[in-house]
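# A closer look at the structure
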Amino acid sequence: GAGVSQSPSNKVTEKGKDVELRCDPISGHTALYWYRQSLGQGLEFLIYFQGNSAPDKSGLPSDRFSAERTGGSVSTLTIQRTQQEDSAVYLCASRSPTRGFGNTIYFGEGSWLTVV
Amino acid sequence: QKEVEQDPGPLSVPEGAIVSLNCTYSNSAFQYFMWYRQYSRKGPELLMYTYSSGNKEDGRFTAQVDKSSKYISLFIRDSQPSDSATYLCATTMVGGNKLTFGTGTQLKVEL
């Protein structure tokens, strides 16, 4: 597709349930990021994938959060045993392998998660 | 203390005004500086991108970086109602893998 695609766009789940959020990056983009955006908190880095390298998981807030990237393309962010504080927008972004950092990162429209 | 500080606003200005949006940062290793615009229920989109200190102009938008004071600015001239959005500053180091964002400033340009 033309841009970063995320699904579902909206998800309401009950506390304690597991959720999976999907990201389909721009074709050819080797770097993929997950960020979380809570009200008034800005964007919080969660995890970074680059090619076949080990992912940078330093931003994952707890062991309930995990992510994988299959075949260097699609990524899934999984939140187990969801809590109300997990309610946020989960944003995926991808970056091309070309030179220059800032002008090659693109965000999807996010998955809006509400835990009730 | 957050690595990047940004006044959340909201900031309300009349159409045609010059808007000044600002961020401060604490890590002197940050070298790339970006401004993103985010409309309601949309993902952030890159507006401006600068490397190290100096100014960069693109149409009605000017980005300014002062590394000596660790201060980042975005100026919007002749502001329009379509500029109403949240503006996020972001920064990273050379060779860095991730962007560090400010909390965003909500801007409303009124007719």
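Located above this text is the structure these notes cover.
The shown structure was predicted, so the numbers you read here are calculated from the model rather than taken from an experiment. Numbers given to residues run from 1 along each chain, matching the order in which its sequence is written. Each chain gets a letter, beginning with A, and each ligand a number, beginning with 1, in the order they are written. Selection of residues for local features in this predicted model requires a pLDDT of at least 70, selection of side-chain atom pairs for listing and counting requires 80 or more, and totals for whole chains, interfaces and linings are taken over all residues. In computing side-chain properties, one takes all heavy atoms of the structure into account and sets aside hydrogens as well as water.

## Regarding the nonpolar core
We count it as follows: For our purposes a nonpolar core is just a set of buried Ala, Val, Leu, Ile, Met, Phe, Trp, Tyr and Cys residues, chained together by side-chain atoms within 4.5 Å. Relative accessibility decides the category of a residue: with a 1.4 Å probe and only protein chains considered, values under 20% of the type maximum give buried, values over 50% give exposed, and everything between is partly exposed. Helix and strand labels come from DSSP, where a helix needs a run of H or I of at least four residues and a strand needs a run of E of at least two; each type is numbered from the N terminus. When checking whether two residues touch, look at their non-hydrogen atoms; a contact exists if any pair is within 4.5 Å.
Among the nonpolar cores identified, the biggest contains 23 residues, and B:W35, B:L74, B:I76 and B:Y87 are the most heavily contacted of them. Contributions of two or more residues to this core are made by β3 (19–25), β4 (30–38), β5 (45–51), β7 (61–66), β8 (71–76), β9 (85–93) and β11 (105–110) of chain B. In contact with B:Y87, other than residues within four places in its own chain, are B:Q6, B:L21, B:W35, B:Y36, B:R37, B:L47, B:L74, B:I76, B:G104, B:T105 and B:L107. Ranked by size, the runner-up nonpolar core spans 20 residues in total, among them A:V19, A:I47, A:A88 and A:C92.

## Re the sheet that holds strand β6 (residues 65–69) of chain A
All names here are of chain A. The following threshold applies: A pair of strands counts as paired when DSSP detects no fewer than two bridges linking them. For helices, the fitted line uses only the C-alpha atoms of the stretch in contact; every axis is such a line through C-alpha atoms, and the angle between N-to-C directions lies from 0 to 180 degrees.
If you walk across this open sheet you meet the 4 strands as β1-β3-β7-β6, and the pairing is antiparallel. Two strands in the sheet have a free side with no partner beyond their single neighbour: β1 (5–7) and β6. Adjacent strand axes in the sheet meet at a mean angle of 15°, parallel and antiparallel pairs treated alike. Of the strand pairs in this sheet, β6 and strand β7 (residues 75–79) are connected by 5 bridges, and their pairing is antiparallel. Within β7, the position partnered with F65 by the bridge is I79.

## Observations regarding the sheet that holds β7(B)
All names here are of chain B. Reading across from one edge, β1-β3-β8-β7-β6 is the order of the 5 strands in this open sheet, with antiparallel pairing throughout. What marks the edges here is a single partner per strand, and that holds for β1 (4–6) and β6 (54–58). Pairwise comparison of adjacent strand axes, ignoring direction, gives a mean angle of 15° for this sheet.

## Re the environment of B:T105
All names here are of chain B. So the rule is basically this: What qualifies as a polar contact is a pair of N or O atoms within 3.5 Å, subject to a donor-acceptor requirement within protein and to the restriction that residues adjacent in sequence count only when both atoms come from side chains.
Position of T105 relative to the elements: it lies in strand β11. Placed 101 residues apart in sequence, T105 and V4 show a C-alpha to C-alpha distance of 13 Å. Looking at T105, its side chain comes within polar contact range of the side chain of Q6, at 3.3 Å. Within the structure, the side chain of T105 is placed 2.4 Å from the backbone oxygen of D7, a separation counted as a polar contact.

## Details of the side chain of B:S79
All names here are of chain B. As for its position among the elements, S79 is in the loop between β8 and β9. Taking the relative accessible area as the measure of exposure, S79 reaches 0% and is therefore buried. In this view, S79 contacts V13, P14, E15, G16, A17, V19, R60 and V109; residues no more than four positions away in its chain are not counted.

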